[in-house]
Amino acid sequence: MTRIVYVNGEYLEEQDAKISVFDRGFLFADGVYEVSPVLNGKLVENEGHLARLQRSLGELNMKSPASTSEIEAIQNEVIKRNGVKEGIIYLQVSRGAADRDFPFPTDIEPSLVMFTQQMNLLDNPKAAKGTTIITVPDIRWQRRDIKTVALLAQAMAKQAAKDAGADDAWMVEDGVVTEGSSNNAFIVTQEGKLITRDLSNKILHGITRRSILEIARREGIEVEERAFTPEEAYEAVEAFTTSASTFAMPVIKIDDRILSNGAPGELTSKIRKLYIEMAMQSVAD
Ligand code: PDD
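Note that this is a predicted model, so its numbers are computed, not measured.

A.B. asks: Give a description of the nonpolar core that names residues and reports values.
C.D. replies: Formed by 28 residues in total, the largest nonpolar core has its most connected members in Leu39, Leu194, Ile212, Phe240, Ile271 and Tyr275. Of all the elements in the fold, those that place two or more residues in this core are β3 (31-39), β5 (87-94), β10 (184-188), α6 (207-218), β14 (247-254) and α8 (266-282). Ranked by residues supplied to this core, first place goes to α8 with six residues. Sequence-distant contacts of phenylalanine 240, that is, excluding residues within four places in its chain, are made with Trp170, Asn184, Ala185, Phe186, Leu194, Ile212, Ala248, Met249, Pro250, Val251, Thr268 and Ile271. In this structure, Tyr6, Ile89, Met114 and Ile146 belong to the second largest nonpolar core, which totals 21 residues.

Have a look at this one:
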């Protein structure tokens, strides 16, 4: 399969899509990214993703390669050229190419890259079965609120999960869960409360997380945004994760504790269904 990839103003066959070896994204992980879902050939929750992109750029004093509406127009063009009906579009901005030197160079142009991935977001088999999680130490830097491409710690966490025969990892720092390796972590307590980590520089401010919390509150579910320990998660009646590429994804096992009898929990399934309904409504013809 060959895709059309966007690189700095050009739509190229993927084998022709190239970036300089001096690009600071490559040399210093000096770049930020966003992943937006695509359903019915249209972007879902993209406003939130592009607002967060601008925030990430601002926090790193990085120039935006284009305005938000220009970026969205390019995203739509890449989706169209690749005929993607369901999947994700990835976009990355890096500070640009310059001789290797640590401080931020002035007068360089940021680079913008986009590509798509076809995926089954709606009928994801993992959503029907549920996922298994291990806990790992959170060894990341302190600005996890910035969506940077410095993802080696997360790649190590996912690899540790894979080596342990699990689907994913939740990262733990100071005795409490921060978030999943590429998602936000939620538990449902015995009393039916939905718990997820509060917003700070300790976690990424998930766009899906925000919508799921809105949906939960609208449904009259009690929500607490606070830290929780792995031990509290072991005692939870349900757990799930949220991200742009998985929506609300049930968790059925954390370390060696089986949750909700080893099947996706009722509340989790309801929340996933309501999120998908909201997303589908937003992309209806
Ligand atoms: N990851 N936390 C982390 C560390 C993430 O990498 C992500 C997203 C999230 C969820 O954020 P959102 O709901 O805005 O997608 C939370 C993307 C999907 C990725 O890296 O592929």
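Structure shown, so let's carry the discussion forward.
A.B. asks: How would you explain a nonpolar patch on the surface if you had to name every residue and give the values?
C.D. replies: Judged by side-chain polarity, Val21, Phe22 and Phe26 come together as a nonpolar surface patch covering roughly 340 Å² of accessible area. Relative to the helices and strands, valine 21 is located in the loop between β2 (10-13) and α1 (24-28). Under the relative-accessibility criterion, valine 21 is labelled exposed at 53%.

A.B. asks: Give a detailed account of the site of the ligand, specifying residues and quantitative values.
C.D. replies: Around the ligand sit 20 residues in total, of which Tyr33, Arg52, Glu179, Ile207 and Thr208 are the nearest. Contacts to the ligand include tyrosine 33, whose side-chain N or O atom sits 2.6 Å from an oxygen atom. At 2.6 Å from an oxygen atom of the ligand is found a side-chain nitrogen or oxygen belonging to threonine 208. Relative to its unbound accessible area of 480 Å², the ligand is 90% covered by the protein chains. Looking at the shell around the ligand, the elements with two or more residues in it are β3, α2 (46-59), β9 (176-180), α6 and β13 (238-243). Looking at the shell around the ligand, its residues break down into five nonpolar, eleven polar and four charged.

A.B. asks: Kindly report on α2, identifying the contributing residues and their values.
C.D. replies: Over its 14 residues, α2 extends 20 Å from the first C-alpha to the last, a length consistent with the 20 Å expected when each residue adds 1.5 Å. All of the buried residues along α2 are Asn46, Gly48, His49, Leu50, Arg52, Leu53, Ser56 and Leu57.

A.B. asks: If you had to explain the pattern of salt bridges to someone new, which residues and values would you point to?
C.D. replies: Under the counting rule described, the total for this entry stands at 27 salt bridges. Of the charged contacts, one joins aspartate 138 and arginine 144 as a salt bridge, the two residues approaching to 3.6 Å between their closest N and O atoms. When the shortest N-O distance is used, the salt bridge between arginine 197 and aspartate 198 registers 3.6 Å. Through salt bridges that share partners, Asp138, Arg140, Arg144, Glu173, Glu179 and Lys202 make up one connected network.

Basis of the calculations
Residues numbered from 1 in each chain as written. Predicted model: local features only at pLDDT ≥ 70, side-chain atom pairs only at ≥ 80, totals over all residues. Heavy atoms only, no water. Core = buried A, V, L, I, M, F, W, Y, C linked by side-chain atoms within 4.5 Å. Buried < 20%, exposed > 50% of the residue type's maximum accessible area, 1.4 Å probe, protein only. Helix = DSSP H or I, 4+ residues; strand = E, 2+ residues; numbered from the N terminus. Contact = heavy atoms within 4.5 Å. Patch = residues over 30% accessible without salt bridge, like charges linked within 9 Å, V, L, I, M, F, W, Y side chains within 5 Å. Areas by Shrake-Rupley, 256 points an atom, 1.4 Å probe, with all protein chains shown as cover. Salt bridge = Lys/Arg side-chain N within 4 Å of Asp/Glu carboxyl O. Near = heavy atom within 4 Å. Polar contact = N/O pair within 3.5 Å; in protein donor to acceptor, adjacent residues only side chain to side chain. Nonpolar A, V, L, I, M, F, W, Y, C, P; charged D, E, K, R; others polar. Expected span 1.5 Å × (residues − 1).

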